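For reference, the chains in residue letters:
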Amino acid sequence: ARIVVLISGNGSNLQTIIDHAENGQIDGQVVGVISNRSDAYGLERAASASIPTKVLEHSLFANREDYDQSLAGLVDTFEPDVIVLAGFMRILTPQFVRRFEGKMINIHPSLLPKYTGLNTHRRAIEAGDKEHGCSVHFVTEELDGGPVILQAKVPIFEDDDEQSVQQRVLEQEHRIFPLTIQWVATGRAKLINGVAQLDGNPL
Ligand code: GRF
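Source: prediction; values computed, not measured.

The next subject is the overall build of the chain. For the chain, the count of helices and strands is six helices and 10 strands. For 203 residues, the compact-globule estimate of 2.2 N^0.38 gives 17 Å, and the chain sits close to it at 16 Å. By residue count, 49% of the 203 residues in the chain fall in the buried class. At a minimum sequence separation of 6, the contacts of the chain that also span at least 24 residues come to 62%. Surface accessibility of the chain: about 9,700 Å² in total, with carbon and sulfur atoms responsible for 47%. Computing the positive centroid from 18 side-chain charges and the negative centroid from 27, the chain places the two 3 Å apart.

If you want it as structure tokens, here you go:
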């Protein structure tokens, strides 16, 4: 499968996806990496793996629709089977989502539907939650709201701070993201009539 990864920052999820594709744990290859920020370290990670990179900065566009139109065209140039949002910090327009719905997934650092949006670790700690985690979901028009494919849970300890929880969650992100990408890439996980299915069983 041809995989395109969209990033905005460090790219630790991108790195684990590249590694899993290279070692055969994902039946596919990362054929392109697109960032909305030219300073994203993930671009270095892609370049080190000889993966083509593109930067599309939103400052060059008058509005979100124009940006997403250009982004969609750029994504299409790679002819992807799977589009992966890995720390891509932009809200996508309904038009963009509809164009790729069913083959676009995102990872979010919370146990959805809890804590959509930002600062999820801090919010979980402040709420006194005893557990937290991450979710991989199909991207739909609802922000951080698409059908969940897989989640991982981590405990929150008394002496945790935002940093220690984020680190524990990130470890799980790096475990479930490559797995779900493999499921989508091989057709095991599908989005059918708004419902995520694994091997034909609704999740
Ligand atoms: C991760 O915490 C992910 O859940 C969130 O943004 C972060 C991306 O980290 N969407 P990285 O760029 O993959 O290291």
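Okay, the sheet that holds strand β5 (residues 104-108) next. Across the sheet, which stays open at both edges, the seven strands sit in the order β3-β2-β1-β4-β5-β6-β7 with mixed pairing between neighbours. Looking at strand neighbours, the two that pair on one side only are β3 (53-55) and β7 (148-155), the edges of this open sheet. Taking each pair of neighbouring strands and ignoring which way they run, the sheet shows an average axis angle of 20°. Where strand β2 (residues 29-35) and β3 come together, three bridges link them in parallel fashion. Counted as the bridge partner of V33 is T53 from β3. Sitting on the sheet, helix α3 (residues 64-77) is in contact with β1 (2-7), β2, β3 and β4 (82-85), with an inclination near 160° to β2.

Turning next to unusual backbone geometry. Of note, the amide linkage connecting L112 to P113 takes the cis form, showing an omega dihedral of 10°. In this structure, P113 sits in the loop between β5 and α5 (120-126). Positive phi is not limited to glycine here, since S50 has a value of about 55°. On the secondary structure map, S50 appears in the loop between α2 (41-48) and β3.

Here the focus is the UniProt feature "binding site: N(1)-(5-phospho-beta-D-ribosyl)glycinamide" (unreviewed entry) in the chain. When the UniProt feature table is mapped to this numbering, "binding site: N(1)-(5-phospho-beta-D-ribosyl)glycinamide" (unreviewed entry) covers G11, S12 and N13. Within the fold, G11 resides in the loop between β1 and α1 (12-22). Apart from residues lying up to four places away in sequence, G11 is in contact with G42 and R45. Along the chain, N13 turns up in helix α1. The residues contacting N13, other than those within four sequence positions of it, are A86, I107, L170, E173, H174 and F177.

Here we come to the packing of aromatic side chains. Scanning the entire structure with this criterion turns up two aromatic pairs. Considering the side-chain rings of F61 and Y67, the 5.3 Å spacing of their centres and the 85° angle between planes classify their relative orientation as edge-to-face. Overall, the relative accessible area of 1% leaves Y67 in the buried class. Stacked on the ring of Y67, the Lys or Arg R90 has its end atom at 4.0 Å from the ring centre.

Definitions and limits used
Residue positions within a chain follow its written sequence, with the count starting from 1. Confidence filtering applies because this is a predicted model: local features only for residues at pLDDT of at least 70, side-chain atom pairs given and counted only at 80 or more, and all residues used for totals across whole chains, interfaces and linings. Computation of side-chain values covers all heavy atoms of the structure but excludes hydrogens and water. Helix numbers and strand numbers start at the N terminus; a helix is a DSSP run of H or I with at least 4 residues, a strand a run of E with at least 2. In this description the radius of gyration comes from C-alpha coordinates, and the expected globular size is given by 2.2 Å times residues to the power 0.38. Buried residues are those whose accessible area, probed at 1.4 Å on protein chains only, stays under 20% of the maximum for their type, while exposed residues exceed 50% and partly exposed ones sit between those limits. The contact rule is simple, with two residues in contact once any of their heavy atoms fall within 4.5 Å. Where accessible areas are quoted, they stem from the Shrake-Rupley method and a 1.4 Å probe; at the residue level, only the protein chains shown are allowed to cover. Charged-residue counts in this description rest on Lys and Arg as positive and Asp and Glu as negative, His and the chain ends being excluded. One atom stands in for each charge, and that atom is NZ of Lys, CZ of Arg, CG of Asp or CD of Glu. Only strands that DSSP links by at least two bridges are regarded as paired with each other. In this analysis, axes come from line fits to C-alpha atoms, helices being fitted only over the stretch in contact, and the angle between any two N-to-C directions falls in the range 0 to 180 degrees. UniProt positions are given in the numbering used here, feature names are shortened, and annotations may be inferred rather than shown by experiment. Stacked, edge-to-face and tilted are the three classes for Phe, Tyr and Trp ring pairs, Trp counted by its six-membered ring, which pair at centre distances within 6.5 Å; planes under 30 degrees apart are stacked, over 60 edge-to-face, the rest tilted. The rule is short: NZ of Lys or CZ of Arg within 6 Å of the ring centre and within 35 degrees of the ring normal puts a charge over the ring.

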